Amino acid sequence: SLVILRHQVELDPLNPNAHFQLGSYAIVAGEFDQARQSFENCVSLGGEAMIGRCQLAVETEDFETLRNLLAQWRDAEPSALDAYRPFFEVILAICDGDLDKAQSISRQPGAHQESAFIRSYVALWMGEIELALDGIEMALASSEVLAFRFLHGTLVLRRNYPEYFSHPRYAQILVDFGLDKKSISALRIPQLPF
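Here we summarise the structure given alongside this text. What you see is a predicted model, and the numbers here were worked out from it, not measured in a lab.

Helix α6 (residues 85-95) sits mainly inside the fold: 10 of its 11 residues count as buried. Every buried residue of α6 is listed here: R85, P86, F87, F88, E89, V90, I91, L92, A93 and I94. Downstream of α6 by one or two residues, G97 has phi in the positive range, about 80°.

And the structure:
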């Protein structure tokens, strides 16, 4: 997918969303320099990249940067994306070792609670493996885009929570949704024209 997104940026280099999408997928691929550059490009073109920049800070375990970004976010003009700020505040609280604060934030109403994927992601960061598996299963069943993007985890999640990714239930979820290696290798994708 990075090939396609790089091509999209080549075709429409002034589209901030194209840069944001490339940065988001670069995080999943572990290409953090590409992600950082893409988010800078997005912002320089007038786009919004706070969520991507926060995700990059999480994935690189740069929690001081995450703390600074969240402070900037709190001071910024209100936006529709503000409902996702508590999600990153929960992760920061977990990394600070303040699980009571993380629990308190995660109970606040907002869009982050409406997403089964985000509830799953937060549960995983809190070490609640079964709850995380419940959430990812619900997110896939309701076709949440983020669930498919982050299904196989990110580098930091795979390193910190190997028991989730090696759990028999996780393997079964992949099979049930046709997302296991065998099912994916059976797919025939036409050659891209570029």
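Having seen the structure, we can now continue with the description.
Attention shifts here to the environment of E64. Relative to the assigned elements, E64 resides in helix α5 (residues 63-75). Taking C-alpha positions, E64 is 9.2 Å from L92, a pair spaced 28 residues apart along the chain.

What follows deals with the packing of α6 against helix α9 (residues 116-125). Interhelical geometry of α6 versus α9 gives an angle of 5° and a closest axis separation of 10 Å. Considering their axes alone, α6 and α9 lie roughly parallel with respect to each other. Contact residues: α6 offers F87, V90, I91, I94 and C95, while α9 offers I118, Y121, V122 and W125. Across the contact of α6 with α9, the residue classes break down as nine nonpolar, no polar and no charged.

What counts as what
- Residues numbered from 1 in each chain as written.
- Predicted model: local features only at pLDDT ≥ 70, side-chain atom pairs only at ≥ 80, totals over all residues.
- Heavy atoms only, no water.
- Buried < 20%, exposed > 50% of the residue type's maximum accessible area, 1.4 Å probe, protein only.
- Helix = DSSP H or I, 4+ residues; strand = E, 2+ residues; numbered from the N terminus.
- Axes fitted to C-alpha atoms, helices over the stretch in contact; angles between N-to-C directions.
- Parallel < 35°, antiparallel > 145°, perpendicular 65-115°, else oblique.
- Contact = heavy atoms within 4.5 Å.
- Nonpolar A, V, L, I, M, F, W, Y, C, P; charged D, E, K, R; others polar.

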